[in-house]
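Descriptive structure summary
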Amino acid sequence: MRILVTGGCGFIGSNFIRHMLRKYPDYEIINLDKLTYAGNPDNLRDVENNKNYEFIRGDICDSKIVGKIVLKVDAIINFAAESHVDNSIRSSREFIQTNVLGTLNLLEFARVNKIKKFLQISTDEVYGSIDKGSFSEDSLVKPSSPYSASKASAELLVMSYVVTHRFPAIISRSSNNYGPCQYPEKIIPLFITNLLEGKKIPLYGDGKNVRDWIHVQDNCEAIDFIFHNGKIGEIYNIGGGTEKENIEVAKFLLGEFDKSESFIEFVEDRKGHDRRYALNCEKLRKLGWKPKVNFDKGLKETVKWYVKNKDWWKRLKK
Ligand code: NAD
């Protein structure tokens, strides 16, 4: 099996490629990544000489490159995206370009070349916010930010290909990931690295926004599981089952660094900030997968990773 993974130099994509190369020694992975500010070849230094791995620098919107690569692969897993909500609020154009038009470009070449499977990596943010209960895969899609709107748009295109062209696609919607190699713009690595630098940690609004955290290794295993066992045309929620208020995460991290709550700096809330995300993951459980990593343990290990890999994040924070 030869798989095109897009956006493989980012946070989840790099963890996923490492996972796949380790678990399936007879699979070949081609990683197509544009290397935006969030793409970092250092994330995959340890596998760059693996004979089953090839890196190609390029844009998923570039028909020439995509057209050539798709001829060589059996399946596509599309991680490539602009992924930071705050950036999408400042400027949305790049989000539509990559997340929507880039996905369309991949779909079109995949359709023409009769790709066997296409897995679209999406997000729980497409549902928008929920005060009580949780979203199942049938819930209404009601994105709040330009980022989540772009991811929802990409999903609609994928599903339209399933219906119109009997295209073999599946969608995964995961909750918030944490773990090694996450760009220090996102809340957990931002807080950890700020604390390592002796700086305060900026908390939006009252800090009571709730996220369901999943360790990136769990998400990679779930994506692998869905890729192999998911049904064509279906959507699968992937949640960690660990709902936390942002302020709880902040206090946990302060505890890890023996810092007082005076290190929290409350800042003006994000525009349109979703209050709570929550996923019902029964569908994936029934299919046979559930998360393994305990949040406290996973977060402590993540802190250790950032302590040990100062060179990695210091270059990015300059
Ligand atoms: P990331 O920002 O760390 O990485 C994105 C990668 O995509 C980078 O390597 C970047 O260079 C690459 N890329 C961007 N535009 C590209 C283009 N036009 N062509 C080729 N490559 C391009 O993102 P991440 O956190 O690893 O997220 C990966 C995927 O998972 C995204 O689709 C995101 O929407 C989704 N997701 C992320 C989370 C999360 O908590 N991080 C949760 C749910 C879903």
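First, a word on scope: everything that follows refers to the structure included in this document. (Residues numbered from 1 in each chain as written. Predicted model: local features only at pLDDT ≥ 70, side-chain atom pairs only at ≥ 80, totals over all residues. Heavy atoms only, no water.)

**Quick notes on the packing of aromatic side chains**
Our working definition: Stacked, edge-to-face and tilted labels apply to pairs of Phe, Tyr and Trp rings (six-membered ring for Trp) whose centres lie within 6.5 Å, assigned for plane angles under 30 degrees, over 60, and everything in between, in that order. Going along the chain from the N terminus, every DSSP run of H or I of four or more residues is numbered as a helix, and every run of E of two or more is numbered as a strand. Under the scheme applied here, a residue whose accessible area is under 20% of the maximum for its type counts as buried, over 50% as exposed, and between as partly exposed, the area being computed with a 1.4 Å probe on protein chains only. Note on geometry: a ring has a charge over it if NZ (lysine) or CZ (arginine) is within 6 Å of the ring centre and within 35 degrees of the ring normal.
One pass over the full model with this rule turns up 12 aromatic pairs. For the ring pair F16 and F79, a centre distance of 5.2 Å and an interplane angle of 45° mean the geometry is tilted. One end of the pair, F16, is in helix α1 (residues 11–23); the other, F79, is in the loop between β4 (75–78) and α3 (85–90), and 63 residues separate them in sequence. F16 gets classed as buried once you look at its relative accessible area, which sits at 0%. Judged by centre distance (5.1 Å) and plane angle (90°), the rings of Y37 and Y183 are edge-to-face. Separated by 146 residues along the polypeptide, Y37 in the loop between β2 (28–33) and β3 (53–57) and Y183 in the loop between β7 (176–178) and α6 (187–196) bring together distant segments of the chain. Joined through ring pairs, the aromatic side chains of F118, Y161 and F167 make up one cluster. The ring of F227 has K117 sitting right over it, with the charged end atom 5.3 Å from the ring centre. Between the NZ or CZ atom of K283 and the centre of the ring of Y236, over which it lies, the distance is 4.9 Å.

**Examining the side chain of N246**
Rules: In this description, contact between two residues means that some pair of their heavy atoms is separated by no more than 4.5 Å.
As for its position among the elements, N246 is in helix α8 (residues 246–256). Judged by relative accessible area, N246 falls into the buried class, the value being 7%. Beyond its immediate stretch of four places on either side in the chain, N246 contacts I187, L203, G207, N209 and R211.

**A word on the sheet that holds strand β5 (residues 117–123)**
How we decide: One bridge is not enough; two strands pair if DSSP finds at least two bridges between them. Note on geometry: axes are C-alpha line fits, over the in-contact stretch for helices, and angles between N-to-C directions span 0 to 180 degrees.
Here 7 strands make up an open sheet; going across it, the order is β3-β2-β1-β4-β5-β6-β10 and the pairing parallel. At either margin of the open sheet sits one strand with a lone partner, and together these are β3 and β10 (235–238). Ignoring which end each strand starts from, the neighbouring axes of this sheet average 20° apart. Sheet topology note: the strand β1 (residues 2–6)/β4 ladder contains 4 bridges and is parallel. When the bridges of β4 are listed, V5 appears paired with I77. Seen against the sheet, α1 touches β1, β2, β3 and β4 and runs at an angle of roughly 170° to β2. Lying on the sheet, helix α7 (residues 216–229) is in contact with β1, β4, β5, β6 (169–174) and β10; it crosses β5 at an angle near 145°.

**With respect to the site of the ligand**
Convention followed: Nearness is defined per residue: one heavy atom within 4 Å of the molecule or strand is enough. For the purposes of these results, a polar contact is taken to be a pair of N or O atoms within 3.5 Å, where, inside protein, one atom must be able to donate a hydrogen and its partner to accept one; residues adjacent in sequence count only when each atom of the pair is a side-chain atom. Where accessible areas are quoted, they stem from the Shrake-Rupley method and a 1.4 Å probe; at the residue level, only the protein chains shown are allowed to cover. For this classification, the nonpolar set comprises Ala, Val, Leu, Ile, Met, Phe, Trp, Tyr, Cys and Pro, the charged set comprises Asp, Glu, Lys and Arg, and every other residue, Gly included, is treated as polar.
Taken together, 28 residues lie near the ligand, and I12, D33, S83, Y147 and K151 sit nearest. In the model, an oxygen atom of the ligand is placed 2.6 Å from a nitrogen or oxygen of the Y147 side chain. Computed on the free molecule, the ligand has an accessible area of 840 Å², of which 97% lies beneath the protein chains in the complex. Looking at the shell around the ligand, the elements with two or more residues in it are α1, β5, α5 (146–165) and β7. Element by element, the count of residues in the shell around the ligand is highest for β5, at 3 residues. Classifying every residue of the shell around the ligand gives 11 nonpolar, 13 polar and 4 charged.

**Points about the state of the cysteines**
We apply this condition: Only a pair of cysteine sulfur atoms within 2.5 Å counts as a disulfide in this structure description.
Here the structure, examined in full by the defined rule, presents 0 disulfides. C9 supplies the cysteine sulfur nearest to C61, a cysteine that is in no disulfide, at a spacing of 16 Å. A residue is classified by how much of its surface remains accessible, and C61, at 21% relative accessible area, is partly exposed.

**Some words on the packing of α8 against helix α10 (residues 295–308)**
We count it as follows: Oblique is the label for every angle not falling under 35 degrees (roughly parallel), over 145 degrees (roughly antiparallel), or within 65 to 115 degrees (roughly perpendicular). Throughout, a crossing is termed right-handed when the near helix is turned clockwise from the far one, and left-handed when it is turned anticlockwise from it by less than a right angle.
In contact at an axis separation of 11 Å, α8 and α10 are set at 55° when each is read in the N-to-C sense. Relative to α10, α8 is oriented oblique. Where α8 crosses over α10, the handedness of that crossing is right-handed. Only F295, D296, L299, K300 and V303 of α10 make contact with α8, whose side of the interface consists of V249, F252, L253 and E256. Partitioned by chemical class, the residues of the contact of α8 with α10 number 6 nonpolar, no polar and 3 charged.

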